[in-house]
Amino acid sequence: MLLIKCPVCGVEGDETDFHYGGEAHVKRPATDRPDRVSDGEQRDYLFMRKNPRGLHFERWRCDRGCGKWFNAARDTVTMEFRATYGIREEPPAT
Amino acid sequence: MTRTAAPYRLPHAAGLGRLIDRDRPLGFTFDGQRLSGYAGDTLASALLANGRRLVGRSFKYHRPRGIVGLGTEEMNALVGVGLGADHEPNLQATRVELRDGLVAVSQNRWPSLSFDIGQINDVFSRFIPGGFYYKTFKWPKSFWHHLYEPLIRRAAGLGRAPSGRDSSAYEQIRVDCDVLVVGGGPSGLAAAQAAAASGARVMLAEDQPSLGGVADLYDASDEFRAPPDVMVLTRTTALAHFHHNYLLLAERCLGEGPRQRLWKVRAKEVIVATGAIERPIAFANNDRPGVMMAEAARGYLARFAVAPGERGVVFTNNDEAYRTALLVRRTGAGEVTVVDIRKHPEGALVEEARRAGIPILAGTVVSQVESTAAGQAIEAVRIAAFRPGMSRLLRESRLPCDYVAVSGGYNPAVHLWCHNGGKLRYDMAIHAYRPDRHRDRMWAVGAANGTFDLEAALAESRFAGEQAAARALARSMASDMVAPQLKPRRQGAIEPIWFAPASRHYNDGHKHFVDFQNDVTVADLELAQREGYSSVEHTKRYTTWGMASDQGKTSSVLGLGILSEATGRPIPEIGVTTFRPPFTPLTFGTVAGAQKGPLFLAVRQTPVHDWHVANGATFEPVGHWRRAYCYPSGGEDKAAAIAREILSVRRAVGLLDASTLGKIEIRGRDAGTFLDRIYTNSFSTLKVGRCRYGLMLNELGFIIDDGVTARLADDHFLMHTTSGGADRIAAWLEEWLQTEWPDLQVLITPVTEQWAQFAVAGPKARTVLEALAATGESDVDVTAGSFPFMSWRAGRLGGFRVRIFRISFSGELSFEIATPARDGLRLWEALMTAGAPLGITAYGTEALHVLRAEKGYIVVGDETDGTVTPRDVGLDGLVSKTKRDFIGRRSLEQSFLRAEGRKELVGLLTEDPREVLPDGAHAVREVKANGPMATIGHVTSSYMSPTLERSIAMALIENGRSRMGETLTFPLEGGRLVKATIVSPVFYDPQGERQNV
């Protein structure tokens, strides 16, 4: 049961108060150039996800708090949250 | 109440029985026999005092079993306690506190405990070796259903579930603390005291009713008190440790109030002081009642004044077990002999035993237990000279006794340490695994850390307590403090022994048990190695060693030792199996807490709910909602009610409570642009005052929701979603706005509960509205000319503030009228009154579904299953060809979503119009008498249509739209075949004339 702190509203809670949203920084090719997305690009966007042992950038939503999505850098081995940051922000230097 | 004398209870004069109150006798029954004990007894100690050695039957072989342990480690004596609905199965007798009138029963036996039919399994055990389940129940296939499965199901499990609903209350509580100490022995208390003295908020959980752990059975015998400023929970077991120091503790409550309380604790630091568990040694028939752990034998004597027997053998490989022999001798509780595998035992306790004149047979092993014919009482042990590494015995002698107290060394109780990834290392000094590293802020102290010397344990515990407090309070750790050094022990070294050599073929009626609870023997583990299960985790699964509630407490290291000897690999190379939560079994009531009955799930009700109830509605769950399903009246059954409701809508007018329909307001400068990206069709072009049906896809191109959206103003839309999808879709919209298109200025507001909404549907719908309008202030013109199909109006109708949407899910002339929720019930009743002369009829969700199926309208979740595209259900026309982007657009272009052979939505008419195909029935390419048949599609909706006076169905069929007129065959259960012809899914009014009047 992870302990998570929302960087938007500052509330701290159990992971069941939050909603996990998978890998962060997955770019949706169709948003920028809907007419020129190759099958391969679309496949990668839909299905190819990183599954690292160690640092993982991922999305969470503060479900029972402010309702905002945010990004987190979490170590999948130690479960430590190294950083949380805004949903549109680039990952901090690690 | 007549009570049998308790023959094994020693007299008060012996100075024993620290925990019992001889002035408070208690009566209880075991398998119907009336017995007596004292306040302070456990069920186990009271049974032993009464000479009840046989308390259960083993899981697989149904062998007679007795009490082995003293506390949480007990793996044999699982009993059921309580009657009827209050019955609780699979309780460890060692942890059941005796109370007056307690009713306990043994388990896993039939017809009785002393004569059990199932023990025939023991005789045939050579045919049920390790992995038996995997080897045997394979073929023929037909045996599975009728023979194997019922057999396994009957044999599975030990206790019986209670006969009714548990009437007890259970509670859950959530707390945070700085330091949680698990274990109230000397180490835990020292750690808690040190942490509290440093200013931390400290909780301590102890499984037993009193503090002190097993200190009274070792060096210390002081009274233990709760340290000041520590929140102490006794009768509380730490069940599990999860990420970020989240723990579950189960408290057994006494007296009034809840039966158990589940503590959900988030601790900044956790100190594990859970002690160590004595482990058995595998020798032939080491499971006979009367073979128990040395610490347990000592515990029953010291704490409950219960003699383990009259003539004992202490079998050991270490010094600690000598304490048992010394206590027996000191208290005059019969004769005792020590059998020690070590050639030259020489610790202080050994010397003391020698001085006391206790016979010590050094360099000797117990190879076998001799018991009475039924195996229920011990008569002697066989002993033989022993040297490490020997495998077969040639000469044995006989040593009469009636109990054996065994000690094969101690395993630190590392379960909690390991639940969440704590590392272990094997320590050759104690021949056991001990805690190594942990990624969470966790400490292990005392015996749980493999530190068995009391002084050293106390020093290490105080150190951990202070350091944990400092870290929890974010103070700098005391750098001048160093972890205490261990003092040299005054004891002789332990010598490892796992498996006592045998003189005979050792799985032939002479079993060497490793895991008593799962009936796993040395032979089973060795067989698994011969069969190639070289991974320790595979061996565990193949043999069931260390599974179930024991979780390796007594069997883990012992089994590893045996695997080591069988493979020639050292123990650390073998690895260790995973310890899983919970540490001890817990009752489902504790898991559920107060969340049962009406509190299990919050049920959502519409403003008209009470009217539905009063008018005889039956309900169905839709999401968390309860919706009126139909309204049987005058003794009619549901089918008759549904038919009546449908025909009322088709012939006159019906009224549906559609308040559960999801409603989401979408507002802002870019609301139209946003909806264009959310729906497959276009909404920015929708005119204010108009409505449009929209189809929503996920990024894979599959339908996830549908509904009608109305444009309230240039920058303001009201979206309708499916009843079950409202919350999901609101979250979906938010996610896209926040994460992908934050530049769009749009706000999302779910307003489902704010509105009551009713469909007035049928040829006389407009007349009903006009009748209502005549009853009060009205300014909405409902005539066809000024209020066309797929538009909406706001205003007053019969005095009610309303929004009226002219939309239809029934194919009839239909108005959906929305009013603020608080006025919902009054509006509903006003509509019923206004419509009464026209025969208005309330209709439920089943009529709704039949009406829409007659029209061929899809229901998301019936006609779609998450793999269905707009084209599949014939709604390709709703997919914009001009919009550059919407969710799912790019995926729809993928070749496999446009390929031939996809399943397409069609209608079905059965040959026999009275035959209603079951939902989910499959059409097959070819009917075969045996073997699998290739399916070409399945029924998605199927009803008896009172309008058409015949059955209708919708189905997804391979290339369905190009197979119109083809007859398909649906094989049903029992071999019956139903034939149906493919037709258009629009069964009624294909031109849509009825809704457009």
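In this text, all values refer to a predicted model and were calculated from it rather than measured experimentally.

Basis of the calculations
Residues numbered from 1 in each chain as written. Chains lettered and ligands numbered in written order. Predicted model: local features only at pLDDT ≥ 70, side-chain atom pairs only at ≥ 80, totals over all residues. Helix = DSSP H or I, 4+ residues; strand = E, 2+ residues; numbered from the N terminus. Buried ≥ 20, exposed ≤ 12 C-beta atoms within 10 Å, placed from the backbone. Contact = placed C-beta atoms within 7 Å. Axes fitted to C-alpha atoms, helices over the stretch in contact; angles between N-to-C directions. Parallel < 35°, antiparallel > 145°, perpendicular 65-115°, else oblique. Left-handed = near helix turned anticlockwise from the far one by under 90°. Nonpolar A, V, L, I, M, F, W, Y, C, P; charged D, E, K, R; others polar. Pairing = 2+ DSSP bridges. pLDDT = per-residue confidence, 0-100.

Participant: What is the right way to read the overall build of chain A from this model?
Facilitator: Scanning chain A from terminus to terminus reveals two helices and six strands. When the backbone C-alpha atoms are referred to their principal axes, chain A occupies close to 40 × 30 × 25 Å. Residues classed as buried in chain A amount to 18% of the 94 residues present. Of all intrachain contacts in chain A linking residues separated by at least 6 positions in sequence, the fraction that spans at least 24 positions is 48%.

Participant: Would you explain the packing of helix α17 (residues 638-651) of chain B against helix α22 (residues 845-854) of chain B in this entry?
Facilitator: Helix-helix packing is described using two parameters, namely the angle between the two axes and the distance between the axes. Residue and element names in this part refer to chain B. Two elements in contact, α17 and α22, have axes separated by 9 Å at closest approach and are oriented at 55°. Overall, the two elements α17 and α22 adopt an arrangement that is oblique. Once α17 is placed against α22, the crossing between them reads as right-handed. Here α17 contributes I642, E645, I646 and V649 to the contact with α22, which in turn contributes E846, A847, V850 and L851. Residues of the contact of α17 with α22, tallied by class, amount to six nonpolar, no polar and two charged.

Participant: Quick question: what am I supposed to make of the interface of chain B and chain A here?
Facilitator: Bring the parts together and some accessible area is lost; that lost area is often taken as the interface size. Contacts between chain B and chain A engage 20 residues on the former and 19 residues on the latter. Where the side of chain B that touches chain A is concerned, the elements lending two or more residues are α19 (726-739) and α23 (889-892) of chain B. Sort the elements by how many residues they give to the side of chain B that touches chain A and α19(B) lands first, with four residues. Considered class by class, the residues forming the side of chain B that touches chain A number four nonpolar, six polar and ten charged.

Participant: Just checking my understanding: could you explain the sheet that holds strand β5 (residues 69-75) of chain A for this structure?
Facilitator: Strand pairing in a sheet relies on backbone hydrogen bonds, with the paired strands running either antiparallel or parallel. Residues and elements named next belong to chain A. Within the open sheet, the four strands sit side by side as β3-β4-β5-β6. Their pairing is antiparallel. Looking at which strands have only one partner, the edges of the open sheet turn out to be β3 (19-23) and β6 (81-86). On average, each strand axis in the sheet is tilted by 30° relative to the strand beside it, whichever way the strands run. Pairing analysis gives five bridges linking β5 to β6, with the strands arranged antiparallel. By the bridge assignment, R74 is partnered in β6 with F81.

Participant: Please clarify how the sheet that holds strand β22 (residues 403-407) of chain B should be interpreted in this entry.
Facilitator: Residue and element names in this part refer to chain B. If you walk across this open sheet you meet the five strands as β15-β22-β16-β17-β18, and the pairing is parallel. In this open sheet, the two edge strands, each paired with only one partner strand, are β15 (291-293) and β18 (360-362). Neighbour to neighbour, the strand axes of the sheet diverge by 20° on average, direction disregarded. Taken together, the six bridges between strand β16 (residues 311-316) and strand β17 (residues 335-340) define a ladder with parallel strand orientation. Bridge pairing in β17 places V313 opposite T337. Contacts from helix α6 (residues 294-304) reach β15, β16 and β22, with the element oriented near 85° to β15. Along the sheet face, helix α7 (residues 322-331) touches β16, β17 and β22 and points at about 165° away from the line of β17.

Participant: Is there a simple way to think about the confidence of the model for chain B in this case?
Facilitator: Where the model shows low pLDDT, its predicted coordinates should not be examined in detail. Residues at a pLDDT of 70 or more form 93% of chain B, whose mean pLDDT is 92. Prediction confidence for the complex, expressed as pTM and ipTM, is 0.89 and 0.97 respectively.

Participant: Can you walk me through unusual backbone geometry in this structure?
Facilitator: The bulk of non-glycine residues show a negative phi, and the bulk of peptide bonds are trans. All names here are of chain B. Between P581 and P582 the backbone carries a cis peptide bond, its omega angle lying at 0°. Following the sequence through the fold, P582 ends up in the loop between α14 (571-574) and α15 (588-592). Phi at D229 takes a positive value of approximately 65°, unusual for a residue other than glycine. Note that D229 resides in the loop between β9 (202-205) and β10 (230-233). For D229, a count of 14 C-beta atoms within 10 Å corresponds to the partly exposed category.

Participant: Would you mind showing me how to read the environment of I378(B) here?
Facilitator: Along the chain, I378(B) turns up in strand β20 (residues 378-385). Along the chain, I378(B) and R902(B) lie 524 residues apart, while their C-alpha atoms are 72 Å from each other.

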